[in-house]
Each structure stands twice: as structure tokens, then as C-alpha cells.
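Chain by chain, the residues:
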Protein chains: 2
Amino acid sequence: MKATLQTIADELGVSRSTVSNAYSRPDQLSPELRARILSAAQRLGYSGPNPTARSLRSGKVNAIGVLLTDNLSMAFTDPYAVAYLRGLAEAASARETSLLLLNLPKDEAAGRRVISNAAVDAFCLYCVPDWHSALELVRSRGVPIVIGEDPQAFGPEASYVGIDERAAARRLGEHIVNLGHRDIAVVAHWIVDDGVTSQVHADPDDLRYYVTGERVRGFRDAFLAAGVPWERVVLINAAANQREEGAEAAAHALDRLDRATAILCTSDVLALGVLDALRVRGLQAGRDVSVTGFDDIPEADAAGLTTIRQPSVERGRLAGELLLDPPEDPALRRLTLPVSLVVRSTTGPNTAKEKS
Amino acid sequence: MKATLQTIADELGVSRSTVSNAYSRPDQLSPELRARILSAAQRLGYSGPNPTARSLRSGKVNAIGVLLTDNLSMAFTDPYAVAYLRGLAEAASARETSLLLLNLPKDEAAGRRVISNAAVDAFCLYCVPDWHSALELVRSRGVPIVIGEDPQAFGPEASYVGIDERAAARRLGEHIVNLGHRDIAVVAHWIVDDGVTSQVHADPDDLRYYVTGERVRGFRDAFLAAGVPWERVVLINAAANQREEGAEAAAHALDRLDRATAILCTSDVLALGVLDALRVRGLQAGRDVSVTGFDDIPEADAAGLTTIRQPSVERGRLAGELLLDPPEDPALRRLTLPVSLVVRSTTGPNTAKEKS
DNA sequence: CCGACGTACTGTATCGATACAGAAGGAACT
DNA sequence: AGTTCCTTCTGTATCGATACAGTACGTCGG
């Protein structure tokens, strides 16, 4: 039989309310009585108010639900995701709030149960496939939501912290075409049925994953403005957002007669893999082939990678703050953060002979 | 006014129990009525039983609390920790249980509140400083606990999944002394007050962090057995378990006249940093200087690092299983997993001229 | 025709706390 | 002395569900 507030109250002959106050509102009772209560609690092995009961009554859980797809290790492995989570955890921790990691299993019914059963004050969605079936259920829970990707995904009532993915990607594309590149490959990660890293013919509007789609469309915007038709661009699907897949993907751009002179990637992780592939082939990034990434993860600096810097930690931190201290003004709940183009050594002028 | 079970019950003129059964025990009512209930719920914007209330009544939360020190990014950055968490999440997810990340803040009172308020069915402790003040509170919560480090930390009632750290380290030490090395440095991460990477004079029994202490003691066991006194060993404190600090620490072993011919590290991450430092100095690992790690993280293979392989993912998975499906027999709740010595290219015979 | 049984649903007690109105008693002020 | 106020504690209602015993009603074998 576990001790409860009532156990302590009976022991000391005081009311349950008073014992509750000893924990939750110490100013409501005399210090002496409070000391007696706490020592009786210690003696009886009572470790403080039951969190579940407290949550039921007070309506607060002090937890944010973080939705992760079943590919959970991605959330820990991808440097951008780690940075985001760190920012989120910082904001939460500062408010004595914890993160509940909700790993959505493949089975749809099980996923619905996980969401329904999650005791949380709010949900944070990031890196969640935007077509996932359980998302509607998240909204129906009626708690605050913050999203980090498609600003339209949940309608205007959801908070949003993101960047203008497309405009940012366009800046990378412009940088590349301004350097004179015309034989261009794009390495992107999205979901295709076979899940193999390979060259594909795809319309950027068909790519699953909002972020990937926007970034590729941004590249295309730049190419079209410079007179490079999309058909001339080699689009390569990376089966996962991993360095190895980036290297794999690069093979499709490098090991052919009309070798690309520039490879744009939808993430730094993929770009690092592309750089690996260059190294293996004795090619020099920035001279023989230009390479760009996206995100500016810590490793990008050491690799000299030209990329878009985005405030990843800040994104997470702001997401947490929007959930826990929402501003009155709805406009302030939809934040688009600035990014910057970071030009390093992996991009340079096109030195290849111009095709006839 | 949010809808509850009662709202739906009133709407349809049935009892609250029946509505509850529609969600939790579908076999207790006719399919037709259940369909009517679910559709009324949809109409009234009811998203299923309130998780908090359900938890209060049923006594289950479907969450495991994972204690992390305030250095939260470590948990996501350290490859061993990531692997462990992945295993834990796998075991939890298979049982529709989520992980509640409890980030203990520096402030002690706040840390106690975080632990007290955590609605969890069990706690998992790993990578938590063993001297942390909040740990006693964890035990007093009276829920199952699994620990991953010092098997004695919580007494026999806590489950335990670990390895024999000391014996494993001893195998590395024996490998090194068998190769003829006598001028040895040890790079270890523990907590000292100034938090600077530097050579120190310390007794292995004084190192804070159980794991570091055991591993260093294991090294010493091997040295002593081979006749190498501990005083001859250079012990270097790495300020953090990070690659950069490993490189920094290596300087203290390499940039001196009596250069060490072998450097043993308490983790692969540190060892990778030591290898970086060798490379910068034009030294070859395994020929000029032998280097060992610990853990066998994925990067260790590529680096050719001699190390101890331990089942990191498995450790996490078993921890989750012990918490969620505890075996009857208490002996089966205390698991010591096997490890293996993996000899790769970073260790080799001592080729330095023997000191006079 | 009767008792046993199964199905479908109901009603009340309960999980363990907090909120809030209120009571008792003493101090302070007029 | 009477009023007000403050401090300190009490008592009841309530948060939103589930457990479990109980009821109503049909079915079925003997």
C-alpha cells in the first residue's frame, strides 16, 4: 500500500489539503507544521504528490511530445536534428518541462494509440513525413502544436518556426550558376518506393518531404533564371540522409562522360558524402567539381563546405518557447528565421571546357 | 469546454462506462453501439480518453523516464549514448511505451522537482554522474529502476545491465604490455574542478565517474601484473568526452622528450582525437605510437582503432526489457554482458629504443 | 416451466491529488 | 468593544477516466 497525501494527513491529524500545501504552496502554512509534515513523509516513504494525479487536477503535465518517425536513430544521428532537439530541450528545461519522445511505429493503429496515450501539454513536429496518417489525430488532441517544416501543414492555429527553404536554396543555386556552372547534379533525399540511391527523372513538385521539395524547387528557380533548363539537371535520389548515401549518389554524377561540374545537395550530410566520393576519385572540391550543402552543421566548417547557414539550435529553442510561453499576437507565433550563404572552399569557378 | 466521456454518454443516452468500453474494451459492447459512439465522438471533437485520467485510474503511464544530466547534447552526440538510447527506444516502442527525457538542471531544487513531477512507470539511469544528489529521490519514487553503470549504485532491487568495465580494460592493458610497451599514457575523462585538459597525478580510486574509474583501474591491473608501476604511467584528464579534447590530451603525451609509445583512452571518441593528434605530428598509429579506445563505436572500424567491443544497442534494449517485462527471478535482472577485444591497426609492437 | 448461462449495458466507488470557499483565532486599529 | 484584517488551517467539490459488481433480458437444455 503506497503512501498518499491522506496517509500523511492521518498520521499527523491534519487535513489532506494542508499536506498538499506543504508541497505545492509552502507559504500557506507555518514553517513548523511544514517541517513536521515533510519529516513524517520521509518516515512513511512518501516521495511527494503523485505526478499523474497532480496533472489530472491541475491540467498540466510539464511535458512536450516530440513526434519521431520509426526511424528513431535518425533523430539522434542527423546533426541538424540533434541541434534542433538540443534547442528544444533547452527551452523546455528552463521551464522545468521534459520531452516525451514519441516513436511512431509502422503499424498505424499502434501509432494512433501512442499519440492518444501521450500525456503532454503540447506537440512538436519536425522531421515527420508530412503525409503521415497520424497527424490528424495530433491536431484533434486540442493542445498547442509547433511545426518546423511546411508552414501550411496544420493551418494557422499551429505555431511555426522555420526558414524560407526555397529562397535559401535559390541563393545556393545562384551562387553556382554565377560561377559559370551549367552541368549540374542535385543530390536530394526523399522517399521513393524502392528506396535505392539512383538517378531518377522527377518533377520537383512530386518529391515527398516538404523540405526536400522546397530546396530542390529553389535550386530550379535559380537554374531557370540563368537559362539552365531543368531537363539538363541530373537529379539523384539518396536513399537516406546519410553520408554514405551521399557518396553513393555522387557516383551517379561523377562516373559518366558528361561529368557534372557542380553538385548541389539538400543537406550537409549528403554533401560530406559527396566530398568523400571526390576524394576517392582524386578530384578536388572547388576546382574540379563544386559542391554545396545545406544547414551548416559543425562538420561543414572543417570540410570547407559552401552551404546555407541556418539557426538550428535557435529553431528548436524558439519552438519550445512558442509552445510554453505563446505570445498573445498570433503573428508572433509564425516565425521565419533568416539564413545566410556561407561560401567556403568547395565551390569555385567552372574550369571545364564549355560543351559545344 | 472540452468533451469528455460523459459528453458523449449524454449525447447518446448511454452510460459513461459504455463509452469508455468503446475505446478500451471493444469486446464489451455491440459493434453497432460502438460505431455510434465513435461517430458521435468524432462529431463532438472528442479524441479519446484523456491520457492523464486514464493513467491515474489504471496506474500505468506508458513512459520510461531517462535521466540526463544538464549536459544534454552529450546524450545525443556521444555515439555510445546514441546507441544505448536507440536500443532503449526500440524496446520501449515495441511495448507502445515512450521515453521521457528528464534533463536535470544545475539547480538542485529544480532537479528534484523534475524528478518528482515525472509521470513514468520506470526510470533508466545511464551516463548520470553517480554522485548526483537527486538520485536518492529517484529511488524513493518506488518505481522500477535500471542502471547501466555502477552495479552497486542502487542496491540489489534495481535492475542492472552492464559489462565488467575493469576486466575489459585490463584486456586492453594486457594487449599493450604484451606488445612491449612500457612508456604509457592514459587519457581519461572524469570531472575535476578546473575542467581543463591536462596531465594530472591522480589515484585511479579517486576518479569521479564510476565507468572511468573502473576502466583506469583495469589498465592499472594489467600494468602492475606486467611490472609497470602506476607512477610510471602518465595520466591525462580530458575535460570532456569529445574528440577535440582527446587531441588536446594527446599533446601532453606526445610533445615531451620521453614520449609515450602507447596511449590508452577510456573511450573511442577520445582515441579518435588522439589519432588526429598523431596525424598532425606526422606519426603513424600502430607503428610510432599505439592507441586504444573503448566501446567500438561505428567510426572505430574506419579508423582501424584497437578497442573493446561492447553491445551498446543491446545494453539499451535489455534495459528497456528489464523495466517493462521484468523476469521473475531476481538473478535475471542483473545482467553482465560479454565484451571482446578487437585488435586493429592502431596498435603494434613497441619499436622505440629501450630506455637505459 | 425452471434454472443456468451468456451478452450487453449500467451505476457506483475509486485512483490521488488541487482549487477554492470558508472557519477559527489572534493582532491591530478606531 | 467592535470591526477589520491576516494567518493558518479545514472541508468539499472536482479533474476524467477505469474497475467491478450488478441488472436486464434473451436463449437453451432438461
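Residues numbered from 1 in each chain as written. Chains lettered and ligands numbered in written order. Predicted model: local features only at pLDDT ≥ 70, side-chain atom pairs only at ≥ 80, totals over all residues.

- Going by the annotation in an unreviewed UniProt entry, the name recorded for chain A is LacI family DNA-binding transcriptional regulator, with Dactylosporangium maewongense given as the source organism.

1. Comments concerning the interface of chain A and chain B
Consideration 1: Taken residue by residue, the interface counts 40 residues in chain A and 40 residues in chain B.
Consideration 2: Residue assignment for the side of chain A that touches chain B shows that the elements contributing at least two residues are α4 (51-58), α5 (72-77), α6 (79-94), β2 (98-103), α7 (108-117) and α8 (135-140) of chain A.
Consideration 3: Examining the composition of the side of chain A that touches chain B, we find that six residues originate from one element, β2(A), more than from any other.
Consideration 4: A per-class count over the side of chain A that touches chain B returns 20 nonpolar, 15 polar and five charged.
Consideration 5: Pairing of β2(A) with strand β2 (residues 98-103) of chain B involves three bridges; the strand directions are antiparallel. Bridging across to β2(B), Leu101(A) finds its partner in Leu99(B). (Contact = placed C-beta atoms within 7 Å. Helix = DSSP H or I, 4+ residues; strand = E, 2+ residues; numbered from the N terminus. Nonpolar A, V, L, I, M, F, W, Y, C, P; charged D, E, K, R; others polar. Pairing = 2+ DSSP bridges.)

2. Considering the nonpolar core
Consideration 1: Val187(A), Ile263(A), Val274(A), Val187(B), Ile263(B) and Val274(B) are the most contacted members of the largest nonpolar core, which totals 202 residues.
Consideration 2: When near neighbours in sequence (up to four residues on either side) are disregarded, Val187(A) contacts Ile236(A), Ala238(A), Gly246(A), Ala249(A), Ala250(A), Ile263(A), Cys265(A), Leu270(A) and Val274(A). (Core = buried A, V, L, I, M, F, W, Y, C linked by C-beta atoms within 7 Å. Buried ≥ 20, exposed ≤ 12 C-beta atoms within 10 Å, placed from the backbone.)

3. Digging into the sheet that holds strand β10 (residues 290-292) of chain B
All names here are of chain B.
Consideration 1: Taken in spatial order, the five strands line up as β7-β8-β6-β9-β10 in an open sheet, and their pairing is mixed. Of all the strands in the sheet, just β7 (198-200) and β10 have a single pairing partner and so form its edges. Strand-to-strand twist in this sheet, taken as the mean axis angle between neighbours without regard to direction, amounts to 25 degrees.
Consideration 2: With five bridges joining them, strand β6 (residues 184-189) and strand β8 (residues 234-238) adopt parallel strand pairing. Paired with Val186 across the bridge in β8 is Leu235. (Axes fitted to C-alpha atoms, helices over the stretch in contact; angles between N-to-C directions.)

4. Notes on the protein's contact with DNA strand D
Consideration 1: Close to DNA strand D lie 25 residues, the nearest being Ser17(A), Thr4(B), Ser20(B), Pro49(B) and Asn50(B).
Consideration 2: Secondary structure elements with two or more residues in the surface near DNA strand D: α2 (16-24) and α4 of chain A together with α2 (16-24) and α4 (51-58) of chain B.
Consideration 3: Residue composition of the surface near DNA strand D, grouped by class: nine nonpolar, eleven polar and five charged. (Near = placed C-beta within 6 Å.)

5. Here's the deal with the protein's contact with DNA strand C
Consideration 1: As a structural note, the neighbourhood of DNA strand C is formed by 25 residues, with Thr4(A), Ser20(A), Pro49(A), Asn50(A) and Ser17(B) the closest of them.
Consideration 2: Elements with a contribution of two residues or more to the surface near DNA strand C: α2 and α4 of chain A together with α2 and α4 of chain B.
Consideration 3: Each residue belonging to the surface near DNA strand C can be placed in one class, and the counts come to nine nonpolar, eleven polar and five charged.

6. Examining the pairing of strand β5 (residues 159-163) of chain B
Remember that side chains alternate between the two faces of the sheet whenever the strand is regular.
Residue and element names in this part refer to chain B.
Consideration 1: Counting buried residues in β5 gives five out of five residues, a clear majority hidden from the surface.
Consideration 2: Burial of β5 is two-sided: the residues Ser159, Val161 and Ile163 facing one way and the residues Tyr160 and Gly162 facing the other way are all buried.
Consideration 3: Sheet topology places strand β4 (residues 145-147) next to β5; two bridges connect them, and they run parallel. Across the sheet, the residue bridging to Val146 is Ser159, located in β5.

7. A few points about the packing of helix α6 (residues 79-94) of chain B against helix α14 (residues 312-324) of chain B
Helix packing geometry: the angle between the two helix axes and the distance between the axes.
Residues and elements named next belong to chain B.
Consideration 1: As a packed pair, α6 and α14 sit with axes 6 Å apart at the nearest point and diverge in direction by 35 degrees. Judged by the sense of rotation from one axis to the other, the crossing of α6 with α14 is right-handed. From α6, Tyr80, Ala83, Tyr84, Leu85, Arg86, Gly87, Leu88, Glu90, Ala91 and Ala92 reach across to α14, where they touch Ser312, Val313, Glu314, Arg315, Gly316, Arg317, Ala319, Gly320, Glu321 and Leu324.
Consideration 2: In terms of residue class, the contact of α6 with α14 is made up of ten nonpolar, four polar and six charged. (Left-handed = near helix turned anticlockwise from the far one by under 90°.)

8. A closer look at the packing of helix α1 (residues 5-12) of chain B against helix α3 (residues 31-44) of chain B
Residues and elements named next belong to chain B.
Consideration 1: Relative orientation of the contacting elements α1 and α3 amounts to 115 degrees, with a least axis distance of 10 Å. Where α1 crosses over α3, the two elements pack in a sense that is right-handed. Along the contact surface, α1 presents Thr7, Ile8, Glu11 and Leu12, while α3 presents Arg36, Ile37, Ala40, Ala41 and Leu44.
Consideration 2: Of the residues contributing to the contact of α1 with α3, the split by class is six nonpolar, one polar and two charged.

9. With respect to unusual backbone geometry
Consideration 1: Despite not being glycine, Asp295(A) has its phi angle at roughly 125 degrees, a positive value.
Consideration 2: In this structure, Glu96(B) takes a positive phi of about 55 degrees despite not being glycine.
Consideration 3: Mapped onto the elements, Glu96(B) comes out in the loop between α6 and β2.

10. Observations regarding the sheet that holds strand β7 (residues 198-200) of chain A
Residues and elements named next belong to chain A.
Consideration 1: Reading across the sheet, the five strands line up as β7-β8-β6-β9-β10 and stay open at both edges, with mixed pairing between neighbours. Each end of this open sheet is capped by a strand with a single partner; those strands are β7 and β10 (290-292). Along the sheet, successive strands turn relative to each other by an average axial angle of 25 degrees, direction set aside.
Consideration 2: In this sheet, β10 lies alongside strand β9 (residues 262-265) in parallel orientation, the contact comprising three bridges. Counted as the bridge partner of Leu264 is Thr292 from β10.

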